[in-house]
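This is what each chain is made of:
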Amino acid sequence: MIIHLNKDATEIEINSIYTVLKEIKYKPSLVDTRNEKYIVCIGTAEFDIRAIGNMPGVSDTYRVSDSYKLVSKKWKLKYSSIDLGNETQIGAGELSIMAGPCSIENEEQVTKIVDHLVANNVKIMRGGVYKPRSSPYSFRGMGLEGLAMFYDIAHKAGIKIISEVMDVSQIKSMYPYVDIFQVGTRNSQNFNLLDELGQIDKPVLLKRAMNGTIEELLHSAEYIFSKGNEELMLCERGIRTYETAYRNTFDINAIALLKEKTHLPVIADPSHGIGIRAHVPAIALAAVAAGADGIIYEVHEKPEEAASDGYQTLNFDESVKLIKRVRVLSESLN
C-alpha cells in the first residue's frame, strides 16, 4: 500500500497514521521527495483502506501488490516526466534524443559534437569521463577535468549533459557538472550507489544490468525512488545471451512491458543494444515503435578514430538521418 500524504502533513498526523499501521501489523516507511510525501506500507492483513484514507494528513491511498511500489504504474496511471529546464523535458509526450561519444576525449571533439547536436535541435549530450572498460588497458576517460570542460562547452550552447557515475565517492565532485547522472549496466545493482543517488536532486538514468531481469531493474529503481529521488528514468541497453553475432541482445519486449508496468520514462540505447553501427538505426526505430520515450546513442565525427566503442558509433551523416527518421516515426505514432 502507498499512502500519499498532504504536502503540509504534520508530524502529529504522520505519527497517528503510523500508530494505526502498527496496529494492523503493517511496516511503514516514509518517503520524502522534493515534491511529495509518501508512506510505503508492507503487510498482509486485510483491512478497510478507507479508514486510513479519511485520516488527517492523507491525500490518497493506493493498494499496490507489486513489491516495487513507488515505481509501479498500478498507483500512478499518468506517466511521469522530467523537466530539465530550458524547454527540455523527458517523458512529456515528445521523443527525447540524447547523443554523444562513448568517451569524452578532448575539447575539439566536444565542440564538434555540440555543434552537430545544436544544428539538429538535440538538447541532451551523452559522454563518459569515467569509463568501466572490460580491459584495464583500454582508455578509461578524462576524469573530472574532462567533465568540467565538457560541461562548460555544452552549457554555453544550451545543451544538457548526461554522464556515468561509477562510485559513491564521485557523486559530490560530479554534481556541479552534470544534468543527469547515468548508472551503467555494471552498477545497476550497486545498492550503495543507488541509495546515494536517491538523496540528490538531479535526475538519474538507470540502465538495465546486462544479466538483469525486468523485475530486478524495477527493484533497483525502487531503491532510488524510496530514498527521495523521483526524477528517474529506465534504460533498456540489451542483455547478455548465448548469441555471439552481435554485442548484446536488445530486448524490444522490455520497452513495451516497462511502459505497462511503470510510470517512469523508458529510454532505449540501440548503440549498446546491438553494438554494430550499421544496425543501430534499425534498433532505434524499433524501440520508438515499441513505445520508448527517448533514445540515447553514440555519435562521433570519425567513429573509426574514437577512443572507445567506434564500431557501434554513428558518424555525423548517419546521425542526421537517424534523427530525422525517429522524429518522423514518433510524430506518426502520436
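Here, the structure is the one placed above.
As a starting point, this report considers the structure included with it. (Residues numbered from 1 in each chain as written. Predicted model: local features only at pLDDT ≥ 70, side-chain atom pairs only at ≥ 80, totals over all residues. Heavy atoms only, no water.)

Some remarks on the state of the cysteines
Argument step 1. Per the stated rule, a full pass over the model turns up zero disulfides.
Argument step 2. Free of any disulfide, Cys102 has its nearest cysteine sulfur in Cys235, 14 Å distant.
Argument step 3. The buried category is assigned to Cys235, whose relative accessible area is 0%. (Disulfide = S-S within 2.5 Å. Buried < 20%, exposed > 50% of the residue type's maximum accessible area, 1.4 Å probe, protein only.)

So, the pattern of salt bridges
Argument step 1. On inspection of all chains with the given rule, the structure shows twelve salt bridges.
Argument step 2. Between Arg50 and Asp48 there is a salt bridge, with the nearest N and O atoms lying 3.0 Å from each other.
Argument step 3. Note on Asp48: relative accessible area 39%, which makes it partly exposed.
Argument step 4. Across the pair Asp293 and Lys259 runs a salt bridge, and its minimum N-O distance is 2.8 Å. Highlighted residues: Asp293 in the loop between helix H10 (280–289) and strand E14 (294–298) and Lys259 in helix H8 (residues 252–261), separated in sequence by 34 residues.
Argument step 5. On the basis of relative accessibility, which here comes to 14%, the residue Asp293 falls in the buried class.
Argument step 6. Within the structure, one salt-bridge network assembled from shared partners comprises Glu108, Lys112 and Glu301. (Salt bridge = Lys/Arg side-chain N within 4 Å of Asp/Glu carboxyl O. Helix = DSSP H or I, 4+ residues; strand = E, 2+ residues; numbered from the N terminus.)

Let's talk about unusual backbone geometry
Argument step 1. Positive phi values are uncommon outside glycine, yet Glu87 reaches one of about 60°.
Argument step 2. For Glu87, the position within the fold is in the loop between strand E5 (82–85) and strand E6 (88–90).
Argument step 3. Even without glycine at this site, Asn121 takes up a positive phi of about 55°.
Argument step 4. If you trace the backbone, Asn121 turns up in the loop between helix H3 (107–119) and strand E8 (124–126).

Some words on the pairing of strand E7 (residues 96–100)
Argument step 1. Along E7, five of the five residues are buried, which leaves the element largely enclosed by surrounding structure.
Argument step 2. By the alternation rule, side chains of E7 split into Ser96, Met98 and Gly100 and Ile97 and Ala99, which are all buried.
Argument step 3. In the sheet, E7 pairs with E14 via five bridges, with the strands oriented parallel. By the bridge assignment, Met98 is partnered in E14 with Ile296.
Argument step 4. Once you follow E7 into H3 and on to E8, the crossover reads as right-handed. (Pairing = 2+ DSSP bridges. Right-handed = clockwise from strand over helix to strand, strands pointing away.)

Focus: the sheet that holds strand E2 (residues 27–32)
Argument step 1. If you walk across this open sheet you meet the four strands as E2-E3-E1-E4, and the pairing is antiparallel. Each having just a single partner strand, E2 and strand E4 (58–62) make up the two edges of the open sheet. Here the strands of the sheet are splayed against their neighbours by 20° on average, with no regard to which way each runs.
Argument step 2. Note: strand E1 (residues 2–5) against E4, four bridges, orientation antiparallel. Within E4, the position partnered with His4 by the bridge is Asp60.
Argument step 3. In this fold helix H1 (residues 11–23) packs onto E1, E2, strand E3 (37–42) and E4, with an angle of close to 10° to the strand it touches most, E3. (Axes fitted to C-alpha atoms, helices over the stretch in contact; angles between N-to-C directions. Contact = heavy atoms within 4.5 Å.)

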